[in-house]
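Structural description and commentary
Letter by letter, the chains look like this.
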Amino acid sequence: MSKFLSRRFSSLVPYTPGEQPRDMEYVKLNTNESPFAPSPKVIAAVNGEEVKKLNLYPDPTGKALIQKLAETYGVGEENVFISNGSDDILNFSFMAFCDKDKGAFFPEISYGFYEVYAELYGINYKKIPLNSDFSITPAHYFNAGSTVVIANPNAPTGLALSVAQVEEILKANANDVVIIDEAYVDFGAESCVALTKKYNNLIVVMTYSKSRSLAGGRLGFAIAHKDLIRDLNTIKYSTNPYNINRLTMAAGIASLEDADYYKNCNKNTAEVREYTKAELQKRGFTLTDSKANFLFAKSDKIGGEEYYMALKSRGVLVRHFKNEKIKDYVRITIGTKQQMDVLLLKTDEILSEV
Ligand SMILES: *Cc1c(COP(=O)(O)O)cnc(C)c1O
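Residues numbered from 1 in each chain as written. Predicted model: local features only at pLDDT ≥ 70, side-chain atom pairs only at ≥ 80, totals over all residues. Heavy atoms only, no water.

1. Points about the domain arrangement of the chain
When the domains of the chain are assigned, the result is domain 1 (8–37 + 260–353) and domain 2 (40–258). Averaged C-alpha coordinates put domain 1 and domain 2 at centres separated by 24 Å. Taken together, the contact pairs 31 residues of domain 1 with 32 residues of domain 2. Its largest share of buried area at the contact with domain 2, domain 1 owes to Y15, Y262 and K291, together 27% of the area lost on that side. Counting every contact that joins domain 1 to domain 2 gives one salt bridge. Its salt-bridge partner being E108, residue K325 comes within 2.9 Å of it at the nearest N-O pair. Linking domain 1 to domain 2 there are 10 residue pairs in polar contact (both at pLDDT 80 or more). Broken down by element, the residue count for the side of domain 1 that touches domain 2 peaks at seven residues, all from helix 8 (residues 259–282). Among the residues making up the side of domain 1 that touches domain 2, the classes are represented as 16 nonpolar, eight polar and seven charged. (Domains from an automatic or database assignment. Contact = heavy atoms within 4.5 Å. Buried area = accessible area lost by both parts, 1.4 Å probe. Salt bridge = Lys/Arg side-chain N within 4 Å of Asp/Glu carboxyl O. Polar contact = N/O pair within 3.5 Å; in protein donor to acceptor, adjacent residues only side chain to side chain. Helix = DSSP H or I, 4+ residues; strand = E, 2+ residues; numbered from the N terminus. Nonpolar A, V, L, I, M, F, W, Y, C, P; charged D, E, K, R; others polar.)

See the structure below:
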């Protein structure tokens, strides 16, 4: 920290992204990226005419992309917000809908960024413990008097609430915003988008990073009542109106035009998830019922950190969290079947040595 950093940030602990080491080629199963390349249509859109226009600013309203998203999700254009990754939207949401008086409720074990935003903006937040099986009880979020933020499916557990359970939370918080972070919804959970037509306090946040193979493009979107979308736009136009670059905008549109490609990739990921889960269970692992593109797994023979380290030394990266309550677990991104077979092979090697 320099002596110039504002005092209000002096104790800020930033979010730690999953490691992206460059020392060797790893089988990378640690940041929930898609193992599949973007659709050929996306690659063509980005390599084509658009790149010649990089001297010009992108459309700040993102009209063409918003139209496509509205069509795809069956909502109005006034119900869609787009931004530079869903992290950007979560950031704007904490800025827009929380402050010293209006706090935030989110699960104690969830996406680590929620707490970072809450700290960044000096918000009074409450971390709601998960049940011992890592499930979320909707009633714990009733009458929060605060903005409620829930990743559904949750990370890193992979467990999902049903739409009916989310609706209970919405009903019991009519005067507060409820943010449902659907980063992983396309791998097998139910989306709450339809509820945005019925509840003016719901924001559903989604990303292109996982189920649309575009983590490097940085694109996220949100669907909500038009008044909430207007609030998000107020924040966006007060920070960085051109926050989606031309190439990403073109990629985002092209990817919606190749829905079947992504449907196939995501179906494959869900199948490989179930295959890997069954194989790990045979090897004595306990796993949650993940609906996401990752598994949350605990060995009966080796600790979480030890397993993570042993895999890393064998060229396979997974994610381990030091939090006491989940330290026995690792989060394993679902890659291709071949990548998962490498994981299983290395796991057998490791287990034979303990
Ligand atoms: C990956 C992830 C995000 C961030 O996605 P980006 O669109 O890449 O910023 C947000 N929420 C959750 C729960 C995630 O896992």
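2. Thoughts on helix 7 (residues 246–256)
Spacing of three or four residues puts side chains on the same side of an α-helix, whose turn is 3.6 residues. Taken across its 11 residues, helix 7 has 10 buried, putting it largely inside the fold. All of the buried residues in helix 7 are R246, L247, T248, M249, A250, A251, G252, A254, S255 and L256. (Buried < 20%, exposed > 50% of the residue type's maximum accessible area, 1.4 Å probe, protein only.)

3. Topic: the site of the ligand
Lining the immediate environment of the ligand, one finds G85, S86, D87, L90, Y111, D181, A183, Y184, T207, S209, K210 and R218. Between Y184 and the ligand, the recorded distance is 2.5 Å, taken from a side-chain N or O atom to an oxygen atom. With respect to the ligand, the side chain of R218 contributes an N or O atom lying 2.7 Å from an oxygen atom. For the shell around the ligand, the element with the most residues is helix 3 (residues 86–97), which contributes three residues. Of the residues contributing to the shell around the ligand, the split by class is four nonpolar, four polar and four charged. (Near = heavy atom within 4 Å.)

4. Considerations on the state of the cysteines
For the coordinates displayed, the defined rule picks out zero disulfides. The thiol sulfur of C98 is not disulfide-bonded, and the nearest other cysteine sulfur, from C192, lies at 19 Å. (Disulfide = S-S within 2.5 Å.)

5. Details of the sheet that holds strand 5 (residues 147–151)
Pairing between the strands of a sheet is mediated by backbone hydrogen bonds and can be parallel or antiparallel. Within the open sheet, the seven strands sit side by side as 2-8-7-6-5-3-4. Their pairing is mixed. The strands lining the two open edges of the sheet, one partner per strand, are strand 2 (80–83) and strand 4 (125–128). Sheet twist, expressed as the average angle between the axes of neighbouring strands with direction ignored, equals 20°. Bridge count for strand 6 (residues 178–181) against strand 7 (residues 202–207) is four bridges, and the pairing is parallel. Across the sheet, residue D181 finds its bridge partner in strand 7, namely V205. Contacting strand 2, strand 3 (104–107), strand 5, strand 6, strand 7 and strand 8 (220–224), helix 3 crosses the sheet at an angle of about 155° to strand 7. (Pairing = 2+ DSSP bridges. Axes fitted to C-alpha atoms, helices over the stretch in contact; angles between N-to-C directions.)

6. Describing the packing of helix 9 (residues 304–313) against helix 10 (residues 337–352)
Helix-helix packing is described using two parameters, namely the angle between the two axes and the distance between the axes. Two elements in contact, helix 9 and helix 10, have axes separated by 10 Å at closest approach and are oriented at 115°. Like other packed secondary-structure pairs, helix 9 and helix 10 cross with a definite hand, here right-handed. Of the residues in helix 10, those in contact with Y307, A310 and L311 of helix 9 are L343, K346, T347 and I350. The residue makeup of the contact of helix 9 with helix 10, split by class, is five nonpolar, one polar and one charged. (Left-handed = near helix turned anticlockwise from the far one by under 90°.)

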